[in-house]
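Letter by letter, the chains look like this.
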Amino acid sequence: MKEAEKLHYIKRREMVETLKRYGIANRRVLDAFLEVPRHLFFESEAVACAYNDGAYPIGFGQTISQPYTVAFMTTLLVERCPSGKVLEIGTGSGYQAAILDALGYSVFSIERIFELHERAKKLISKLGLHVVCRHGDGTLGWMEHAPFDGIVVTAGAPGEPESLMRQLAERGCMIVPIGGNGSQQMTVIQREEGVFKKELFEYFTFVPLIGREGWDDTVF
Ligand code: SAM
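First, a word on scope: everything that follows refers to the structure included in this document. These numbers were taken from a predicted model, which means no experiment stands behind them. Counting restarts for each chain, with residues numbered from 1 along the sequence as it is written. Totals for whole chains, interfaces and linings use every residue, but because this is a predicted model, local features are given only for residues with pLDDT of at least 70 and side-chain atom pairs only at 80 or more, for both listing and counting. The side-chain quantities take in all heavy atoms of the structure and omit both hydrogens and water.

1. Overview of the sheet that holds strand S9 (residues 195-204)
Item 1. A sheet is described by the order of its strands in space; here seven strands give the open sequence S5-S4-S3-S6-S7-S8-S9, paired in mixed fashion. At either margin of the open sheet sits one strand with a lone partner, and together these are strand S5 (131-135) and S9. Adjacent strand axes in the sheet meet at a mean angle of 15° when their direction is disregarded.
Item 2. Pairing analysis gives five bridges linking strand S3 (residues 85-89) to strand S4 (residues 106-111), with the strands arranged parallel. The residue of S4 that forms the bridge with Leu87 is Phe108.
Item 3. Contacts from helix H5 (residues 114-126) reach S4 and S5, with the element oriented near 160° to S5. Any two strands between which DSSP finds at least two bridges are classified as paired. Here a strand is any run of E in DSSP of at least two residues, a helix any run of H or I of at least four, and the numbering for each starts at the N terminus. What counts as an axis is a line fitted to C-alpha atoms, over the stretch in contact for a helix, and the angles between N-to-C directions run from 0 to 180 degrees. When checking whether two residues touch, look at their non-hydrogen atoms; a contact exists if any pair is within 4.5 Å.

Set out below in structure tokens:
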């Protein structure tokens with residue numbers, strides 16, 4: 001291993017130790033965080049911040065989420081839907097998609113900002129990941145590939161996203177932060193025999209989910 005890679009690996013191990021201290025205990029999730037080189041999802045001038053436990057700007061008013069947030073959402077998914085096909089809404093930097101890929105899911109990801117979509121798609125292909133990316137409004141889901149065993153929404157939704165719920169497989173679950181601008185409650189919606197069961201978790205702060213079944217972009 002080259003010296004720079006060794007340093008990144010050491011920082012990654014420290015990040016994983018921080019996640020453990022914050023209560024992330026799922027071994028598969030922690031292993032994925034150790035495996036995925038988070039610094040590659042940062043612009044070169046920001047690489048030094050890649051292993052801090054914070055969100056970071058990725059341009060166009062968007063952020064790569066805090067590692068704890070990504071780990072928390074991923075754990076909710078892994079514990080309920082350990083394998084299968086997952087749709088991510090909000091590709092952003094591509095990091096969450098890479099974590100899902102490392103966990104062995106078949107990953108589909110939609111991003112509404114064309115430049116972010118293009119950048120993430122290039123990186124994902126360079127890293128040889130099996131993530132299918134699309135540019136568009138993720139609030140409508142991806143009908144051609146539905147149903148999904150998991151849906152992970154990485155932007156704050158104003159309410160339960162109905163089109164996405166309809167694209168969940170039986171026993172499939174959606175992880176989605178729901179709430180007003182500034183604070184959203186992490187919510188799991190699981191489909192069981194056609195009925196949607198809801199579980200509520202802690203509050204986080206996300207950029208808004210903007211689209212036909214999300215927030216109106218004139219509001220922000
Ligand atoms: N998952 C990303 C990562 O790992 O870097 C973090 C994403 S950032 C917190 C949320 C992303 O959702 C932004 O890139 C934003 O442009 C995108 N987004 C917001 N509304 C969307 C929509 N309707 N469809 C697709 N992407 C959307």
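2. Some details on the layout of surface pockets
Empty pockets left among the atoms are what a rolling probe the size of a water molecule brings to light.
Item 1. For each structure, a 1 Å grid was placed over the protein atoms alone; sets of points admitting a 1.4 Å probe that cannot get out are labelled cavities, open sets with protein on both sides within 12 Å along at least five of seven lines are labelled pockets, and lining residues have an atom within 4 Å of a point. Grid points are joined across faces, edges and corners, and a volume is the space filled by probe spheres set on the points. If you add up the space inside the largest pocket, you get close to 330 Å³.
Item 2. What lines the largest pocket is a set of 17 residues, among which Leu40, Phe41, Phe42, Glu43 and Arg119 lie closest to the centre.
Item 3. No other element matches the five residues that H5 contributes to the lining of the largest pocket.
Item 4. Space inside the second largest pocket adds up to approximately 150 Å³.
Item 5. The wall of the second largest pocket is formed by Ala55, Thr63, Ser65, Gln66, Thr69, Thr154, Phe204, Thr205, Phe206 and Val207.

3. Examining the nonpolar core
Item 1. Only buried Ala, Val, Leu, Ile, Met, Phe, Trp, Tyr and Cys residues count toward a nonpolar core, and they belong to the same one when joined by side-chain atoms within 4.5 Å. To sort residues, take the accessible area from a 1.4 Å probe on protein chains only and compare it with the maximum for the residue type: under 20% means buried, over 50% means exposed, and anything in between is partly exposed. If you look at the biggest cluster of nonpolar residues, it comprises 48 residues, and the most contacted ones within it are Ile24, Phe33, Leu77, Tyr95, Tyr105, Ile175 and Met186.
Item 2. When contributions to this core are tallied by element, the ones reaching two or more residues are helix H1 (3-21), helix H2 (27-35), helix H3 (67-80), helix H4 (95-102), H5, S5, strand S7 (168-178) and strand S8 (184-192).
Item 3. When residues of this core are assigned to their parent elements, the largest contribution, eight residues, is made by H3.
Item 4. By size, the runner-up hydrophobic cluster in this structure holds 19 residues, among which are Ile89, Ala155, Met165 and Leu168.

4. Section: the site of the ligand
Item 1. It suffices for a single heavy atom of a residue to lie within 4 Å of a molecule or strand for the residue to be listed as near it. Within the structure, the ligand sits among 28 residues, and Glu88, Ser93, Glu111, Gly138 and Ile210 are positioned closest to it.
Item 2. Here a polar contact is taken to be a pair of N or O atoms separated by no more than 3.5 Å, where protein atoms must pair a possible hydrogen donor with a possible acceptor and residues adjacent in sequence count only if both atoms sit in side chains. Asp137 is positioned with one of its side-chain polar atoms (N or O) 2.9 Å from a nitrogen atom of the ligand.
Item 3. Within the side chain of Thr154, one N or O atom sits 3.2 Å away from a nitrogen atom of the ligand.
Item 4. For accessible areas, the Shrake-Rupley method is used with a probe of radius 1.4 Å. Any residue's cover is judged against the shown protein chains and nothing else. Within the complex, 99% of the 600 Å² of free accessible area of the ligand lies under protein.
Item 5. Secondary-structure elements contributing two or more residues to the shell around the ligand are strand S2 (62-64), S3, H4 and S4.

5. Structural notes on the pairing of strand S6 (residues 148-153)
Item 1. Among the six residues that make up S6, five are buried, leaving the element largely enclosed by the rest of the structure.
Item 2. Two strands pair when backbone bridges link them, and S3 and S6 are joined in this way by four bridges, in the parallel orientation. From the neighbouring strand, Leu87 faces S6, where its bridge partner is Ile151.
Item 3. As defined by bridge partners, S6 adjoins S7 across four bridges and the pair is classed as parallel. Each bridged residue has a counterpart across the sheet, and for Phe148 the counterpart in S7 is Leu168.

6. What to know about unusual backbone geometry
Item 1. The linkage connecting Ala146 with the following residue, Pro147, adopts the cis geometry, with an omega of 5°.
Item 2. With respect to the helices and strands, Pro147 occurs in the loop between S5 and S6.
Item 3. The phi angle at Arg171 is positive, at roughly 70°, despite the residue not being glycine.
Item 4. Inspection of the secondary structure assignment puts Arg171 in strand S7.
Item 5. Of note, Glu193 is a non-glycine position whose phi angle comes to about 50°, a positive value.
Item 6. Residue placement: Glu193 occurs in the loop between S8 and S9.

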